[in-house]
Amino acid sequence: MSASQELKPQKAHEYYFPKGLPGFEETRYFQLLEEEMPFAQLVAADDDKIGFILIQPEVVGVKNEWEIDPETEQVLRGGKSSESQLQLEVWLILTLNRQDVQSSTVNLKAPLILNPEEKLGVQLILDDERYSSRQPLVKQQAEKGVKG
Amino acid sequence: MLVLSRKLNEKIKIGEDIEIVVVAVSGDTVRLGIKAPPSVKILRNEVYEEIQNQNREAMISVADVLQYLDLGTLPTSIKTEKEK
């Protein structure tokens, strides 16, 4: 990062993703940069060309829907056994449409699940046709033949 | 890649803990039963590939985010049909 590109002060936390991300299986360490709500950036710790815009699920009307299987929970606990309730953070990856920002989509099918206490993360894939990997950020008005 | 032929109800054992059985064959569709420990994630390949592709498409460098996009311009509320 050159001196001329000053990032405005951000909170940055480094997370370890034991399995990387699909498509980026070799990348383990990511920085979570909190931006103006409801956004964040996830950036590979050793390569700032590998980055993702994240958005909070509430923005697309989704909250606490995902069932975390016990295996994923174990990964997020870092293998520590504990009876306590796991506090998790969920983010969705945003696919920016550079030609038309309004048409950007979010990935509901593969949310990022983070454990802020252990700084561990996974991308959970939901083989469930209810969830689209390309959910529009802005809900289109129902096509009733009436526009606007 | 190991290629095997199996008939209906025949099985394949992978390692110590994974078993695959042909449950049904109907036309060009094979129905498979899979027994595996919970630690082994089982996915239709096209679903995994879909996520790989989506992640790659979503990838954006920090430089691009800084120079190209002010995150504040992204719509952050859903415009539902009841909103005018």
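Everything that follows concerns the structure shown earlier in this document.
Asks: Account for the nonpolar core, naming residues and giving values.
Replies: In summary, soluble globular proteins display a tendency toward joint burial of nonpolar side chains. One finds A:Ile55, A:Leu94 and A:Leu137 to be the most contacted residues of the largest nonpolar core, which totals 24 residues. Within the residue set of this core, elements represented by two or more residues are strand 4 (47-55) and strand 5 (89-95) of chain A.

Asks: Break down the layout of surface pockets for me, citing the residues and quoting the values.
Replies: Taken as a whole, the largest pocket holds about 640 Å³ of empty space. Around the largest pocket sit 29 residues that line it, and A:Thr72, A:Gln123, A:Leu124, A:Ile125 and B:Lys41 are the ones nearest its centre. Among the secondary structure elements, those contributing two or more residues to the lining of the largest pocket are helix 1 (70-77) and strand 8 (120-123) of chain A. Computed from the structure, the second largest pocket encloses a volume of approximately 330 Å³. Around the second largest pocket sit 14 residues that line it, and A:Asn64, A:Trp66, A:Leu88, A:Glu89 and A:Val90 are the ones nearest its centre. Tallied by class, residues from the lining of the second largest pocket come to eight nonpolar, three polar and three charged.

Calculation rules
- Just so you know, the residues in each chain are numbered from 1, in the order the chain's sequence is written.
- Note on labels: chains are lettered from A, ligands numbered from 1, in written order.
- Side-chain atom pairs in this predicted model are given and counted only at pLDDT of 80 or more, local residue features only at pLDDT of at least 70, and totals for whole chains, interfaces and linings cover all residues.
- Side-chain numbers come from the whole structure's heavy atoms, not from hydrogens or water.
- Grouping buried Ala, Val, Leu, Ile, Met, Phe, Trp, Tyr and Cys residues that are joined through side-chain atoms within 4.5 Å yields what is termed a nonpolar core.
- Throughout this description, buried means an accessible area under 20% of the type-specific maximum (1.4 Å probe, protein chains only), exposed means over 50%, and partly exposed covers the range between.
- Here a helix means four or more residues in a row that DSSP labels H or I, a strand means two or more in a row labelled E, and each is numbered from the N terminus.
- In the cavity and pocket records, a cavity denotes points on a 1 Å grid over the protein atoms alone where a 1.4 Å probe fits but cannot get out, a pocket denotes an open set with protein on both sides within 12 Å along at least 5 of 7 lines, and lining residues are residues with an atom within 4 Å of a point.
- Grid points are joined across faces, edges and corners, and a volume is the space filled by probe spheres set on the points.
- When residues are grouped by polarity, Ala, Val, Leu, Ile, Met, Phe, Trp, Tyr, Cys and Pro land in nonpolar, Asp, Glu, Lys and Arg in charged, and all others, Gly among them, in polar.

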